[in-house]
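Spelled out, the chains give:
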Amino acid sequence: MPSRRQFLGTLAASCALPRVLHATGPAPLRLRAAPSRARIAPAGYPETDLWTFNGTMPGEELRLRQGERLRAELVNDLPQPTSVHWHGIRIDNAMDGVPGLTQDPVMPGERFSYEFDLPDAGTYWYHSHAQTVEQVERGLYGALIVEESDPPDVDADLVLVVDDMRLDRDAAITFDFDAPHDRSHAGRIGNAWLVNGQMDPRQKVRRGDRLRLRLINAANARVYVLGLMGMTGWTVALDGMPLAAPEPLEEQFLLAPAQRMDVIVDVTTDEAEAFLISLERDGGYAIATFDVDPGGAARGTAPAALPPNPGFPIDLANARTVPLLMEGGAMGGMSGAVLDGERQDMRGLAQQNVFWAFNGTVGRMGDYGIGDPLIEVDRGESVRIGIANDTAFDHAMHLHGMHFAEVRSDGSLGPLRDTLLVQRGETREIAFAAHNPGDWLFHCHMLAHHAAGMGTWLRVRG
Ligand code: C2O
Ligand code: CU
């Protein structure tokens, strides 16, 4: 049994259940982005000041059916401009929530109405797409679940959003959001391990239960190495998209920032507890605990594959190709790059707190302009992007608006994803059918990396 993580010298003893699931009706939902407070740290510590959607972290869970239309009015009661990005949804471009690319930032006191169809079932999430290092860290994210019309037969469907938050000794979020060290190294890594906004939450299950667990990594930068103890099962979807066939779940698996994973597991342990564990350099720690009541025997048989979402075949042979060279960061050996149209050396870049480049250009988002697209294609064309990570760090590359598949070294296509972990030194290739017209961001989801230059975009002409 893994030992519990010590938090600020005190044994975490929180006992709260993960937030209750609920559905949204046909009426437009109000999503209020505003300051709030919650108990994050163990008893004895103060509450933590957060920024949240509708008062909780994660924000209100949105649960709809495939094919439904989501209507949400964002109300910005924050002291900063904001927006909402619906991560992984093959969305109407105008609703994608990227300030400076698809919409104007929603200023304090303003509102914005999001309204779009949900073409795909699966596990998605929504989060602020403005000042993300700060706004996502402070709690502006939530799960967006799109249910299949014929969902698999399970005893419970649980959302587990993992996050790590950087707290000080008073359980306050540290305000070093622009720290050059984070921006030039691995990003903002936290010291409080949260699942559904809580340290070591507990959930009751029964032995023999079949659970659908929807894992979402909402952390700024941490690549989780996760494991499930006391359960055995299968991965059935990645980044919302069903696998063609369920795959037996490994003992340990990676979940990079922004990635999701749906697993169907049977509670098989004879012990009184099962665990979601996070593996760190110094061992494995329970980050969520399942209290196991004695029950029946596990079903044992593998679940059926989830029904596929609408497909957009990728034409590898006739695809347009474009390289993406990732450079920069600490220990990266980049000599300089183009920033706002001017070539600068590393020292000049560092003075502006940017450290990374794609194909020799620093791609900051937000108030800085976004430069030229990586590639411009016609709707219906296929695109291949060869990604070379010539840096000393891992990067989680996320494409907005469309899912891609990895082109494996043998030429076959991997599962559909919207976020790919490209580890240090790796070269990987992705391909997708450009079926969704608009201007789509393609960036590293280590949020401090994006803020410090790891962003570009592409245009699909309609
Ligand atoms: Cu989840 Cu551009 O982000
Ligand atoms: Cu990165």
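Just so we're clear, the structure is a prediction, and the values are computed from it rather than from any experiment.

Colleague: Explain the overall build of the protein chain to me, please; I cannot follow it from the model alone.
Modeller: The helix and strand inventory of the protein chain stands at four helices and 34 strands. Over its C-alpha atoms the protein chain spans a radius of gyration of 21 Å, differing by no more than 12% from the 23 Å that the globule rule assigns to 462 residues. When the backbone C-alpha atoms are referred to their principal axes, the protein chain occupies close to 65 × 50 × 45 Å. A burial count over the protein chain gives 59% of its 462 residues as buried. Summarising the internal contacts of the protein chain: among those between residues at least 6 apart in sequence, 77% fall at separations of at least 24. Of the accessible surface of the protein chain, which amounts to about 18000 Å², a share of 50% is contributed by carbon and sulfur atoms.

Colleague: Explanation requested: the coordination of the copper ion (ligand 2) in the structure shown.
Modeller: Each donor-metal-donor angle in an ideal tetrahedron of four donors is 109.5 degrees, and each such angle in an ideal octahedron of six donors is either 90 or 180 degrees. Coordination of the copper ion (ligand 2) by the protein involves His-395 (ND1), Cys-444 (SG) and His-449 (ND1), with metal-donor separations of 2.0 to 2.1 Å. Each donor residue of the copper ion (ligand 2) lies on the same chain, and together they follow the pattern H-x48-C-x4-H. Of this pair, His-395 sits in strand 28 (residues 395–399) while His-449 sits in helix 4 (residues 447–451); the two residues are 54 residues apart in sequence, bridging distant segments of the chain. Taking the relative accessible area as the measure of exposure, His-395 reaches 0% and is therefore buried.

Colleague: For this particular structure, what's the right way to read the confidence of the model for the protein chain?
Modeller: In low-pLDDT segments, the atomic positions of the prediction should not be examined closely. For the protein chain, the average pLDDT comes to 93, and 93% of its residues sit at 70 or higher. This stretch, residues 1–24, has a pLDDT under 50; its non-local contacts, to residues over four places away or in other chains, come to 67 contacts.

Colleague: What's the story with the pairing of strand 30 (residues 413–417) in this structure? I'm lost.
Modeller: Regular strands place their side chains on alternate faces of the sheet. Sheet analysis places strand 29 (residues 404–407) next to strand 30, joined by three bridges and oriented antiparallel. Bridged to Ala-405 within strand 30 is Leu-416. Following strand 29, the chain reverses through five residues before pairing antiparallel with strand 30; Gly-411 in that reversal takes a positive phi of roughly 90 degrees.

Colleague: Looking at this structure, how should I read the pattern of salt bridges?
Modeller: A pair can form between side chains of opposite charge whenever their charged atoms are brought close. Applying the stated criterion to the full structure yields 41 salt bridges. One salt bridge in this structure joins Arg-214 and Asp-157, with 2.9 Å as the shortest N-O distance. Taken together, the residues Arg-214 in strand 14 (residues 210–217) and Asp-157 in strand 11 (residues 156–165) connect sequence positions 57 residues apart. Asp-157 shares its class with Arg-214; the two are buried. When the shortest N-O distance is used, the salt bridge between Arg-202 and Glu-273 registers 2.2 Å. With Arg-202 in strand 13 (residues 202–206) and Glu-273 in strand 20 (residues 273–280), this pair connects stretches of sequence that are 71 residues apart. Of the two residues, Arg-202 and Glu-273, neither departs from the other in class, the shared state being buried. Connected through salt bridges with shared partners, the residues Glu-61, Arg-63, Arg-65, Glu-147, Glu-148, Asp-157, Arg-212, Arg-214 and Asp-262 form a single ionic network.

Colleague: How do you make sense of the nonpolar core when you look at a structure like this?
Modeller: One broad trend across soluble globular proteins is that nonpolar side chains are buried collectively. Core analysis: the largest hydrophobic core is formed by 62 residues, its most contacted members being Trp-86 and Ile-385. The contact partners of Trp-86, leaving out residues within four places of it in the chain, are Leu-31, Leu-62, Leu-70, Ala-72, Ile-91, Met-95, Asp-96, Tyr-114, Phe-116, Trp-125, Tyr-126 and Leu-144. In terms of nonpolar packing, the next biggest core, distinct from the first, is built from 29 residues, Val-205, Leu-238, Leu-249 and Met-261 among them.

Colleague: Just checking my understanding: could you explain the sheet that holds strand 20 for this structure?
Modeller: Strand pairing in a sheet takes place through backbone hydrogen bonds and is either antiparallel or parallel in direction. Read across the sheet, five strands follow the order 13-21-20-15-18 without closing on themselves; strand pairing throughout is mixed. Where the open sheet ends on each side, the last strands, each with one partner, are strand 13 and strand 18 (253–255). Direction aside, the axes of adjacent strands within the sheet are offset by 35 degrees on average. With eight bridges joining them, strand 20 and strand 21 (residues 283–293) adopt antiparallel strand pairing. Each bridged residue has a counterpart across the sheet, and for Ala-274 the counterpart in strand 21 is Phe-290.

Colleague: Help me out: how do you make sense of the pairing of strand 34 (residues 455–461) in this one?
Modeller: The buried count for strand 34 comes to five of seven residues, which makes it a mostly enclosed element. Pairing between strand 33 (residues 438–444) and strand 34: six bridges, direction antiparallel. Residue Asp-439 lies in a different strand from strand 34, and its bridge partner there is Arg-459.

Colleague: What exactly am I supposed to notice about unusual backbone geometry here?
Modeller: Glycine aside, negative phi is the norm for most residues, and most peptide bonds take the trans geometry. Following Met-57, the chain continues into Pro-58 via a peptide bond in cis, with omega recorded as -5 degrees. Along the chain, Pro-58 turns up in the loop between strand 4 (48–53) and strand 5 (59–65). Located in the positive-phi region is Gln-131, a residue other than glycine, with phi close to 40 degrees. One can find Gln-131 in the loop between strand 9 (122–128) and helix 1 (132–137). A positive phi angle is found at Asp-340, which is not glycine, with a value near 50 degrees. Tracing the chain through its elements places Asp-340 in the loop between strand 23 (336–339) and strand 24 (342–345).

Colleague: Whenever I open this one, the sheet that holds strand 34 confuses me. Can you help?
Modeller: Read across the open sheet, the five strands follow the order 26-34-33-28-31; overall the sheet is mixed. Pairing within the sheet leaves two strands with one partner each, and these edge strands are strand 26 (376–378) and strand 31 (419–422). Taking each pair of neighbouring strands and ignoring which way they run, the sheet shows an average axis angle of 20 degrees.

Rules used throughout
Residues numbered from 1 in each chain as written. Chains lettered and ligands numbered in written order. Predicted model: local features only at pLDDT ≥ 70, side-chain atom pairs only at ≥ 80, totals over all residues. Heavy atoms only, no water. Helix = DSSP H or I, 4+ residues; strand = E, 2+ residues; numbered from the N terminus. Rg over C-alpha atoms; globule rule 2.2 N^0.38 Å. Buried < 20%, exposed > 50% of the residue type's maximum accessible area, 1.4 Å probe, protein only. Contact = heavy atoms within 4.5 Å. Areas by Shrake-Rupley, 256 points an atom, 1.4 Å probe, with all protein chains shown as cover. Donors = N, O, S within 2.8 Å, 3.2 Å for Na, K, Ca; no water. pLDDT = per-residue confidence, 0-100. Pairing = 2+ DSSP bridges. Salt bridge = Lys/Arg side-chain N within 4 Å of Asp/Glu carboxyl O. Core = buried A, V, L, I, M, F, W, Y, C linked by side-chain atoms within 4.5 Å. Axes fitted to C-alpha atoms, helices over the stretch in contact; angles between N-to-C directions.

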